[in-house]
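Breakdown of the fold
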Amino acid sequence: MVARAPDQPGADDHRAQFLGGRGQDRVLGGLAASLAANSFELLAALEDVLGRSEQARSYRETARLLAAAVREPLPAGCWDDATHRFVDWVDRSGKVHDHVHLLANVLPALFGHTDRTQTEHVLALVDRELDEFQRFPTFLAARVQDYTDDEIGDGGPYDLCAAGRYWCWDAAFWSWRRNGAMLRQQLETVAAQGAADDYVMGERYDMNHVYYTDGSNWHGAAHYYEYPCVYAWVLITEYLGVRPSLTADLLIAPRVVDSGTVRLGQSAYELTYSITQDAFELVNDAARTRSFELDLSALGDTDTRHADASRTVVLAPGRSVRITLPDTAGPGVEDQA
């Protein structure tokens, strides 16, 4: 994303200001702009905690302008009304590059930058192209074979392989969709590959597909950190749903499949939670009182999303809270012990 200040700044010039100026000076990339908009939202949330309302307002306005520019139709924005998806990018000559890029489509939806119709089209696109994206968690695009030499560049088709950095955001998207089954499938796929590699994983996995068809299903650096690190992140943050929070000590938003008990003894967590068919129970295993923001919207009857899915509880050391899940006892009965 290359930014260039417009000749006459104003509210109507936000596309030029945030997505690359005009004419030959313009490079329009919705993926970069959507990530930037989300970053400004996070900065605004931090400013809220610090009580700096003017800075928070400024960051949110920047985020709003970026998000508005992303969702506009071509040629001003990144949305293609003909194909009902976001394009990869638009180059300086105005040429559209589009190979069904995963993150260019799911990130605007995940971050709330799309309108309702765009979101519906993005979800349908992902479901339609699921086999390509999930060939191994996670492929960059559904049409990697269509990238030209000019688009690939002199570094080769390296970044068209599956990579942990793509999986990280893809997993966040499936968590947002409350699809624990997909997260579990991804974790099991990567774990199986890790076992096959004696848990010393490669940098990029392409499954001997399209490029690098030399019999090996990974390429790049050996003994690489990316997949093991992203695996731990997806497992704890997205699947088990234990996350940092600006408004509590921890956010607990499980996406797990089936019943069971999770116990995390590390100092960053120190908690146990159990899920049964009809209830969720959380125990504070730390030696200090802590607050927990609970998002149980993926548990119980997920066909009936309930408005009070998120709540905050404060637990003394060793204390617990038990909450009935939706469709088992009304809106969710809380019982602390």
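Residues numbered from 1 in each chain as written. Predicted model: local features only at pLDDT ≥ 70, side-chain atom pairs only at ≥ 80, totals over all residues. Heavy atoms only, no water.

**Side note on the overall build of the chain**
Looking only at helices and strands, the chain has 10 helices and 15 strands in total. Every one of the 337 residues in the chain was classed for burial, and the buried ones make up 48%. Element-wise, carbon and sulfur atoms account for 50% of the exposed surface of the chain, whose accessible area totals about 16000 Å². (Helix = DSSP H or I, 4+ residues; strand = E, 2+ residues; numbered from the N terminus. Buried < 20%, exposed > 50% of the residue type's maximum accessible area, 1.4 Å probe, protein only. Areas by Shrake-Rupley, 256 points an atom, 1.4 Å probe, with all protein chains shown as cover.)

**Considering the pattern of salt bridges**
Counted according to the given criterion, the structure contains 19 salt bridges. Between Asp258 and Arg184 there is a salt bridge; the shortest N-O distance is 3.7 Å. Of the two residues, Asp258 is situated in the loop between strand E8 (250–252) and strand E9 (260–264) and Arg184 in helix H9 (residues 180–196); the sequence distance between them amounts to 74 residues. In this structure, Arg288 engages Glu270 in a salt bridge whose closest nitrogen and oxygen atoms are separated by 3.6 Å. Taken together, the residues span a long stretch of sequence, with Arg288 in the loop between strand E11 (279–284) and strand E12 (290–295) and Glu270 in the loop between E9 and strand E10 (271–275) at a distance of 18 residues. Connected through shared salt-bridge partners, Asp159, Arg165, Glu203, Arg204 and Glu226 make up one network. (Salt bridge = Lys/Arg side-chain N within 4 Å of Asp/Glu carboxyl O.)

**A closer look at the nonpolar core**
Membership of the largest hydrophobic core comes to 71 residues, with the highest contact counts inside it found for Tyr273, Phe280 and Leu294. Setting aside residues no more than four positions away along its own chain, Phe280 makes contact with Ile252, Pro254, Tyr273, Ser274, Ile275, Leu294, Leu296, Leu299, Val321, Arg322, Ile323 and Leu325. (Core = buried A, V, L, I, M, F, W, Y, C linked by side-chain atoms within 4.5 Å. Contact = heavy atoms within 4.5 Å.)

**A few points about helix H3 (residues 53–71)**
Relative to the 27 Å expected for 19 residues at 1.5 Å per residue, H3 spans 27 Å between its end C-alpha atoms, a close match to the ideal helical length. Every buried residue belonging to H3 is among Ala56, Thr62, Ala63, Leu65, Leu66, Ala67, Ala68, Ala69 and Val70, and all of these are buried. (Expected span 1.5 Å × (residues − 1).)

**Observations regarding the sheet that holds strand E13 (residues 310–315)**
Pairing is mixed across the open sheet formed by 4 strands, whose spatial order is E7-E8-E12-E13. Every interior strand has two partners, whereas the edge strands, strand E7 (242–243) and E13, have only one. (Pairing = 2+ DSSP bridges.)

**A few points about the environment of Leu107**
Structurally, the position occupied by Leu107 is in helix H4 (residues 102–110). Separated by 77 residues in the primary sequence, Leu107 and Gly30 place their C-alpha atoms 9.1 Å from one another. The contact partners of Leu107, leaving out residues within four places of it in the chain, are Leu31, Ser34, Leu35 and Trp169.

**With respect to the packing of helix H2 (residues 30–50) against H3**
Between H2 and H3, the least distance of the axes is 8 Å, while the angle of their chain directions is 160 degrees. Judged by the inter-axis angle, H2 sits roughly antiparallel to H3. Between H2 and H3 lies a crossing of left-handed hand. Contacts from Gly30, Ala33, Ser34, Ala36, Ala37, Phe40, Glu41, Leu43, Ala44, Ala45, Glu47 and Asp48 in H2 reach Gln55, Ala56, Tyr59, Arg60, Thr62, Ala63, Leu66, Ala67 and Val70 in H3. Here the contact of H2 with H3 is composed, by residue class, of 13 nonpolar, 4 polar and 4 charged. (Axes fitted to C-alpha atoms, helices over the stretch in contact; angles between N-to-C directions. Parallel < 35°, antiparallel > 145°, perpendicular 65-115°, else oblique. Left-handed = near helix turned anticlockwise from the far one by under 90°. Nonpolar A, V, L, I, M, F, W, Y, C, P; charged D, E, K, R; others polar.)

**Quick word on the side chain of Thr138**
Mapped onto the fold, Thr138 is located in the loop between helix H6 (130–133) and helix H7 (149–152). Take Thr138: its relative accessible area is 0%, and that puts it in the buried class.

**With respect to the side chain of His209**
Structurally, His209 is set in the loop between strand E5 (204–205) and strand E6 (218–219). Residues contacting His209, with those up to four places away along its chain left out, are Glu132, Arg135, Phe139 and Val144.

**Quick notes on a nonpolar patch on the surface**
Together, Leu43, Leu46, Val49 and Leu246 make up an exposed nonpolar region whose accessible area comes to about 340 Å². Here Leu43 shows up in helix H2. (Patch = residues over 30% accessible without salt bridge, like charges linked within 9 Å, V, L, I, M, F, W, Y side chains within 5 Å.)

**What to know about the packing of aromatic side chains**
With the rule as written, the count across this model stands at 12 aromatic pairs. When the centroid spacing of 5.6 Å and the interplanar angle of 65 degrees are considered together, the rings of Phe136 and Tyr227 count as edge-to-face. One end of the pair, Phe136, is in the loop between H6 and H7; the other, Tyr227, is in helix H10 (residues 226–239), and 91 residues separate them in sequence. Each of the two residues, Phe136 as well as Tyr227, counts as buried. Clustering of aromatic rings is evident, with ring pairs tying together Phe136, Trp167, Tyr205, Tyr227 and Tyr231. (Phe/Tyr/Trp six-rings, centres within 6.5 Å; stacked < 30°, edge-to-face > 60°.)

**Overview of the confidence of the model for the chain**
On average, the chain scores 88 in pLDDT, and the residues at 70 or more come to 87%. Taken as a whole, residues 1–26 scores under 50 in pLDDT and shows 61 contacts with residues more than four places along the chain or in a different chain. (pLDDT = per-residue confidence, 0-100.)

**Topic: unusual backbone geometry**
Residue Pro75 follows Leu74 across a cis peptide bond; omega there is 5 degrees. As for its position among the elements, Pro75 is in the loop between H3 and strand E1 (79–80). Geometrically, the link from Pro137 to Thr138 is a cis peptide bond, its omega value of -10 degrees lying close to zero. Of note, the phi angle at Val100 is positive, near 60 degrees, even though the residue is not glycine. A positive phi angle, close to 70 degrees, is found at Val210, a residue other than glycine. Its place among the elements puts Val210 in the loop between E5 and E6.

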